[in-house]
Amino acid sequence: GFRVVVAGEALSDAEIGLTFKRIVVLRNSRFPRLFGKLIIPLPSFRFLSALANFGSRGRAKPAPRAFFELQYIDESFRMHKTGEGNWFIQTRIPKD
């Protein structure tokens with residue numbers, strides 16, 4: 001499996017900006033300390049935009065920013081809508 005590490009920053013009371021930091025690939029291995037986890041750092045959004053602009057000779061369309069808007073939140077439940085219009089409904093796992 002893999003995990004995507006994301007940092008969030010409050011842009012307003014309901015909007016959270018997202019920055020993708022790295023991907024952690026978890027692999028089954030006979031030597032888990034050597035080959036069990038692979039960490040792939042992700043370049044900044046600004047760097048990727050500049051690279052796309054350079055590679056396309058200035059014709060690249062700007063990429064949309066990553067964010068979500070909180071629609072509802074309490075101690076055990078959250079609903080939010082992403083910048084692409086996808087809805088997510090999440091519940092907190094109760095601690096035993």
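In this report, we go over the structure that sits alongside the text. Quick caveat: nothing in here was measured; it's all calculated off a predicted structure. All residue numbers refer to position in the chain's written sequence, counted from 1. In view of the model being predicted, local features appear only for residues whose pLDDT reaches at least 70, and side-chain atom pairs are presented and counted only at 80 or more, with totals across whole chains, interfaces and linings using the full set of residues. The side-chain numbers reported here are obtained from all heavy atoms of the structure, hydrogens and water having been left aside.

Some details on the overall build of the protein
A run of H or I in DSSP becomes a helix once it reaches four residues, and a run of E becomes a strand once it reaches two; helices and strands are each numbered from the N terminus. What the protein contains, in helices and strands, is two helices and six strands. The reference for a compact globule is 2.2 Å times residues^0.38; the radius of gyration itself is calculated from the C-alpha atoms. Scaling as 2.2 N^0.38, a compact globule of 96 residues should have a C-alpha radius of gyration of about 12 Å, whereas the protein reaches 18 Å, well beyond that. C-alpha atoms of the protein, sized along the principal axes, occupy 55 × 45 × 20 Å. The rule is simple: take the accessible area with a 1.4 Å probe, protein chains only, and divide by the maximum for that residue type; under 20% is buried, over 50% is exposed, in between is partly exposed. Expressed as a percentage of its 96 residues, the buried residues of the protein come to 10%. Per-residue accessibility takes into account occlusion by the displayed protein chains alone, with areas from the Shrake-Rupley method and a 1.4 Å probe. Accessible surface computed for the protein: about 8600 Å², of which carbon and sulfur atoms make up 58%. Mean positive and mean negative side-chain charge positions of the protein (16 and 8 charges, respectively) differ by 18 Å. Think of it this way: Lys and Arg go in the positive column, Asp and Glu in the negative one, and His and the chain ends go nowhere. To locate a charge, take NZ of a lysine, CZ of an arginine, CG of an aspartate or CD of a glutamate.

Looking at the packing of aromatic side chains
The rule is short: rings of Phe, Tyr and Trp, with Trp giving its six-membered ring, pair when the centres are within 6.5 Å, and they are stacked under 30 degrees, edge-to-face over 60, tilted in between. Considering all chains together, one arrives at one aromatic pair under this definition. Considering the side-chain rings of Tyr72 and Phe77, the 5.8 Å spacing of their centres and the 55 degrees angle between planes classify their relative orientation as tilted. Charges are assigned to positions over rings by a cutoff of 6 Å between ring centre and Lys NZ or Arg CZ, combined with an angular limit of 35 degrees from the ring normal. Over the ring of Phe67 we find Arg65, and its NZ or CZ is 4.3 Å from the ring centre.

Quick word on the side chain of Thr82
With respect to the secondary-structure elements, Thr82 resides in strand S5 (residues 77–82). The criterion used for residue contact is that any of the two residues' heavy atoms lie within 4.5 Å. Setting aside its immediate chain neighbours within four residues, Thr82 contacts Phe67, Phe68 and Phe88.

Description of the pairing of strand S6 (residues 87–91)
Looking down a regular strand, the side chains alternate between one sheet face and the other. One ladder, built from five bridges, connects S5 with S6; its direction is antiparallel. By the bridge assignment for S6, Arg78 is matched with Gln90. Following DSSP output, two strands are said to pair if at least two bridges run between them. What sits between S5 and S6 in their antiparallel hairpin is a turn of four residues, with Gly85 showing a positive phi close to 95 degrees.

From the geometry alone we can't say anything about function, so treat these as descriptive.
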